[in-house]
Amino acid sequence: MFFDGEIMEREGVLGTARRMCTAARTAPKARGTDAIVTAVLTGEDRMALAGAMERHGQEQQLGFFHRDAENLLLAEAVVLIGVKNIPRNLSFCGYCGFPDCSACLEAGGICAHSMADLGIAVGSAVSVASSDRVDNRVFFSAGKTALAEKVLGDGVVAVYAIPLSATSKNIFFDR
């Protein structure tokens, strides 16, 4: 049986994306509270996110959004990892800058533990991509655009995007 290398590489990238979502889900979380949301975009959905990045970049006068959108167009897939704002109700905390969780929520703040959990989930996911030798880079720009476009739905307060590529040269290197 013959398997075309390009097809195998595309399937390999998607397999890595699946494992990255799993790694994000199983990453340690404060008080065992899971507020992580994941998704993978390919094809038209990936291109739509790149188009939205262009628009947001122009509106906000952020040139790096254009550069990153170009990377998204070249990538095979993009993994989105977001978090919902679920306070952990820990006494003697205040890491969010407020005296307690109710004051944080009342002021529209974000639980610091939710953000820490997001960082750990992203780190776990990119370690999978690295182990699989799939080129990747964490993008604030694509994550912020996905958040603004509500790609991961309501209630998500922060998103990072991780585009993936398997080519002879890392598309995220010479930017």
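Participant: With reference to specific residues and values, describe the packing of aromatic side chains.
Facilitator: By the definition in use, this model includes two aromatic pairs. Between F139 and F172 the ring centres are 6.1 Å apart and the planes differ by 85°, which places this aromatic pair in the edge-to-face class. With F139 in the loop between β3 (135–136) and α6 (140–148) and F172 in the segment after β4 (156–165), the pair connects residues that are 33 residues apart, well separated along the chain. Judged by its relative accessible area of 2%, F139 is buried. We classify F172 as buried; its relative accessible area is 2%.

Participant: Give me the lowdown on the pattern of salt bridges, citing residues and values where you can.
Facilitator: Evaluated as defined, the whole model comprises five salt bridges. Note that R25 and D34 form a salt bridge whose closest N and O atoms lie 2.9 Å from each other. One salt bridge connects D154 with K150, and the closest N-O pair in it is separated by 3.3 Å.

Participant: Go over the packing of helix α2 (residues 43–60) against helix α3 (residues 63–74) with me, naming the residues and quoting the values.
Facilitator: One way to put it is that α2 packs onto α3 with a least axis distance of 8 Å and a crossing angle of 170°. On the basis of the axis angle, α2 is roughly antiparallel to α3. Packed against α2, whose contacting residues are R46, M47, L49, A50, M53, E54, H56 and G57, the element α3 presents F65, H66, D68, A69, E70, L72 and L73 at the interface. Classifying every residue of the contact of α2 with α3 gives eight nonpolar, three polar and four charged.

Participant: Any chance you could break down a nonpolar patch on the surface for me, citing the residues and the numbers?
Facilitator: Together, M1, F3, I7 and M8 line one region of the surface with nonpolar side chains, adding up to about 470 Å² of accessible area. Among the secondary structure elements, M1 is positioned in the segment before α1 (5–26).

Participant: Describe in detail the sheet that holds β4, supporting the description with residues and values.
Facilitator: Within the open sheet, the four strands sit side by side as β1-β2-β4-β3. Their pairing is antiparallel. Each edge of the open sheet is held by one strand with a lone partner, namely β1 (36–41) and β3. Pairing geometry for strand β2 (residues 77–84) and β4, over eight bridges, is antiparallel. Considered in β4, the bridge of A77 is made with L164. Strands β1, β2 and β4 of the sheet are contacted by α1, whose axis makes an angle of about 175° with β1. Along the sheet, α6 contacts β2 and β4; its crossing angle with β4, the most-contacted strand, is approximately 130°.

Participant: Tell me about the side chain of D135, and please be specific about residues and values.
Facilitator: Mapping D135 onto the fold places it in strand β3. Put simply, D135 is tucked away with no salt bridge, and the nearest opposite charge, on K169, sits 8.7 Å away. Filtering out sequence-adjacent residues up to four positions away, D135 remains in contact with P163, L164, S165, T167, K169, N170 and F172.

Participant: So, the nonpolar core: which residues are in play, and what are the values?
Facilitator: Counting residues in each nonpolar core, the largest one holds 24 residues, and the members touching the most others are M20, V79, I81, I162 and L164. If you list the elements that add at least two residues to this core, you get α1, β2, α5 (112–131) and β4. Ranked by residue count, the leading element in this core is α5, at seven residues. Every residue in contact with L164, bar those within four places of it in the chain, is listed here: V13, A17, M20, A75, E76, A77, V79, A129, V134, D135, N136 and F172. Of all hydrophobic cores here, the second largest spans 19 residues; its members include V37, V78, L152 and I171.

Participant: Outline unusual backbone geometry, listing residues and values.
Facilitator: Peptide bonds are mostly trans, and most non-glycine residues show a negative phi. Residue N89 is not a glycine yet carries a positive backbone phi of 50°. Within the element layout of this structure, N89 appears in the loop between β2 and α4 (101–106). Its identity is not glycine, yet K150 carries a phi of approximately 55°, on the positive side. Examined against the element boundaries, K150 turns out to sit in the loop between α6 and β4.

Cut-offs used in this document
- Residues numbered from 1 in each chain as written.
- Predicted model: local features only at pLDDT ≥ 70, side-chain atom pairs only at ≥ 80, totals over all residues.
- Heavy atoms only, no water.
- Phe/Tyr/Trp six-rings, centres within 6.5 Å; stacked < 30°, edge-to-face > 60°.
- Helix = DSSP H or I, 4+ residues; strand = E, 2+ residues; numbered from the N terminus.
- Buried < 20%, exposed > 50% of the residue type's maximum accessible area, 1.4 Å probe, protein only.
- Salt bridge = Lys/Arg side-chain N within 4 Å of Asp/Glu carboxyl O.
- Axes fitted to C-alpha atoms, helices over the stretch in contact; angles between N-to-C directions.
- Parallel < 35°, antiparallel > 145°, perpendicular 65-115°, else oblique.
- Contact = heavy atoms within 4.5 Å.
- Nonpolar A, V, L, I, M, F, W, Y, C, P; charged D, E, K, R; others polar.
- Patch = residues over 30% accessible without salt bridge, like charges linked within 9 Å, V, L, I, M, F, W, Y side chains within 5 Å.
- Areas by Shrake-Rupley, 256 points an atom, 1.4 Å probe, with all protein chains shown as cover.
- Pairing = 2+ DSSP bridges.
- Lys, Arg positive; Asp, Glu negative; His and termini not counted.
- Core = buried A, V, L, I, M, F, W, Y, C linked by side-chain atoms within 4.5 Å.

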